[in-house]
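For reference, the chains in residue letters:
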Amino acid sequence: MDELSSVAEINDPDLICIFKTWLDPSIYDGVISIGLNYTPYRKDRGTLGGGLITYVKTAIPSSRLFDMEEEGKEALWLLLKPQRLPRLFSCIVMVAVYYPPGQAL
């Protein structure tokens, strides 16, 4: 986590997506924090392997779209509302998907 925090501090990205996190519910959010500048969103697999985590810069209003998520699919949906977007758009819907080898569609 120290390396990830350092990379985030140096590069200052708006979004960070990590796949195959191996996280499970016993690992609390404080352990995966990379500082106050990022909000973590995670999707744990529940079994060994897999999992997703997305960090969104706290300056970007964001929320998780649980209604879009499907049981058994490793997809994490987020609604992002950056301050500056083209006039026609008021938000961005982002999805991070982990598609493990051998999984059927």
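All of these numbers come straight from a predicted model, not from anything done at the bench.

**With respect to the sheet that holds strand S6 (residues 92–97)**
Pairing in this open sheet of three strands is antiparallel, and the strands run S4-S5-S6 from one edge to the other. Where the open sheet ends on each side, the last strands, each with one partner, are strand S4 (62–64) and S6. On average, each strand axis in the sheet is tilted by 25 degrees relative to the strand beside it, whichever way the strands run. Pairing of S4 with strand S5 (residues 75–80), which is carried by three bridges, proceeds in the antiparallel orientation. Its bridge partner lying in S5, serine 63 is registered against leucine 79.

**Remarks on the sheet that holds strand S3 (residues 52–57)**
What the three strands build is an open sheet, ordered S1-S3-S2; its pairing is antiparallel. The sheet is open, and its two borders are formed by strand S1 (15–19) and strand S2 (38–43), each paired with just one other strand. Here the strands of the sheet are splayed against their neighbours by 15 degrees on average, with no regard to which way each runs. Examined bridge by bridge, S1 and S3 share five bridges and lie antiparallel to one another. Across the sheet, cysteine 17 pairs through a bridge with threonine 54, a residue of S3.

**Re the pairing of S3**
Within S3, six of the six residues are buried, which leaves it mostly tucked inside the rest of the structure. The alternating pattern of S3 places Leu52, Thr54 and Val56 on one face and Ile53, Tyr55 and Lys57 on the opposite face, and all of these are buried.

**Section: helix H1 (residues 2–11)**
Counting buried positions along H1 yields one of ten residues, so the element is predominantly exposed. Phi turns positive, to about 55 degrees, at aspartate 12, one or two residues after H1.

Calculation criteria
Residue positions are given per chain, counting from 1 as you read along its sequence in written order. Where totals are concerned, whole chains, interfaces and linings use all residues; where local detail is concerned, this predicted model gives features only for residues with pLDDT of at least 70, and gives and counts side-chain atom pairs only at 80 or more. In computing side-chain values, all of the structure's heavy atoms are included and hydrogens and water are not. Whether two strands pair comes down to DSSP finding at least two bridges between them. Working definition: helices are DSSP H or I runs of at least four residues, strands are E runs of at least two. Numbering for both runs from the N terminus. The axes are straight lines fitted to the C-alpha atoms, using for helices just the contacting stretch, and the angles between their N-to-C directions are given from 0 to 180°. Three labels apply to residues, based on accessible area from a 1.4 Å probe with only protein chains included: buried if under 20% of the type maximum, exposed if over 50%, partly exposed otherwise in between.

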